[in-house]
Amino acid sequence: MARNDGRMALSFVVDPVLSSALRDEVVQLWVDVTNAGGAVGFVGPVTVDEVRPVAEAAFAGVESGIDRLVVGLDDGRVVALLFVVDNRFGLKAHWRVLKRVMVLPGSQGLGYGAALMRQAADVGRALGLDGLQVTVRDGHGLDGFYRKVGYREVGRVPGALRIGPGDDRDELFMWLDLR
Ligand SMILES: CC(C)(COP(=O)(O)OP(=O)(O)OC[C@H]1O[C@@H](n2cnc3c(N)ncnc32)[C@H](O)[C@@H]1OP(=O)(O)O)[C@@H](O)C(=O)NCCC(=O)NCCS
């Protein structure tokens, strides 16, 4: 796949200051990714007002110090992000779940997603985790992306996600071992 110079400009920040401007930027990115068909917790079309409460709950987890937020910046603009979410369960304290893995629609296919996932693995190692899990909506070919960055399918719940009437999708569990 073609790489362009934009890839070179990508830089990452872990747990950025959650200013109101950054929150607005993240919510808008989340809306744009969803409305372009992305599988990040909603079925499009969605509005800022629908995404904001879900985003604010995710920000609260980061602000409390339990979860982590990784943002990828291109020329100062947020073009990629994910949350590293604690299981909030003592028996699962040695691994975490990546949620809302997303790249700005116009910036997809440039290697940003792979770079974001490498950054998440670095965060996981720095936290001393044994592994990272990601939950994937079947039917988008997304498992192909996660396989490319080292994850393997470890489970599947048939029809777990009701996208719409008559459109149930499997939920895949994919895992990256960090040990
Ligand atoms: C999934 C997503 C994060 C990938 O980011 P990206 O920047 O487009 O991916 P990259 O350019 O880094 O691709 C890395 C590799 O994965 C492959 N890949 C990317 N998307 C893929 C897909 N949907 N199916 C199969 N392979 C894919 C690329 O071809 C590339 O392979 P290569 O190294 O052989 O060239 C991005 O497309 C996205 O934000 N999608 C919408 C949101 C979403 O659905 N997120 C998933 C939540 S579970």
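Source: prediction; values computed, not measured. (Residues numbered from 1 in each chain as written. Predicted model: local features only at pLDDT ≥ 70, side-chain atom pairs only at ≥ 80, totals over all residues.)

Caption draft 1: Focus on the pairing of strand 6 (residues 152–164). Strand 6 sits mainly on the outside: 0 of its 13 residues count as buried. As defined by bridge partners, strand 6 adjoins strand 7 (residues 167–177) across 8 bridges and the pair is classed as antiparallel. Looking at the pairing, Glu153 lines up with Met174 of strand 7. Where strand 6 folds back onto strand 7 in an antiparallel hairpin, the turn is made up of 2 residues, including Gly166, whose phi is positive at roughly 75 degrees. (Buried ≥ 20, exposed ≤ 12 C-beta atoms within 10 Å, placed from the backbone. Helix = DSSP H or I, 4+ residues; strand = E, 2+ residues; numbered from the N terminus. Pairing = 2+ DSSP bridges.)

Caption draft 2: Spotlight on the nonpolar core. Of all hydrophobic cores here, the largest spans 39 residues; its most connected members are Trp30, Val70, Leu81, Leu82, Met102, Leu116 and Ala120. Looking at this core, the elements with two or more residues in it are helix 1 (20–35), helix 2 (48–63), strand 2 (68–74), strand 3 (77–86), strand 4 (95–103), helix 3 (112–126), strand 5 (131–137) and strand 7. What Trp30 contacts, discounting residues up to four positions off in sequence, is Val40, Val51, Ala55, Arg100 and Met102. (Core = buried A, V, L, I, M, F, W, Y, C linked by C-beta atoms within 7 Å. Contact = placed C-beta atoms within 7 Å.)

Caption draft 3: Up close: helix 2. Along its 16 residues, helix 2 runs 21 Å from first to last C-alpha, staying within 8% of the 22 Å computed at 1.5 Å per residue. Of the positions making up helix 2, those classed as buried are Val51, Ala55 and Ala58. Along its buried surface, helix 2 packs onto helix 1, strand 3 and strand 4. (Expected span 1.5 Å × (residues − 1).)

Caption draft 4: Region of the structure containing the sheet that holds strand 7. Read from one edge to the other, the open sheet built from 7 strands follows the order 1-2-3-4-5-7-6, with strand pairing classed as mixed. Two strands in the sheet have a free side with no partner beyond their single neighbour: strand 1 (10–14) and strand 6. Neighbour-to-neighbour, the strand axes of this sheet turn through a mean angle of 25 degrees, independent of strand direction. Examined bridge by bridge, strand 4 and strand 5 share 4 bridges and lie parallel to one another. Bridge pairing in strand 5 places Val97 opposite Gln133. (Axes fitted to C-alpha atoms, helices over the stretch in contact; angles between N-to-C directions.)

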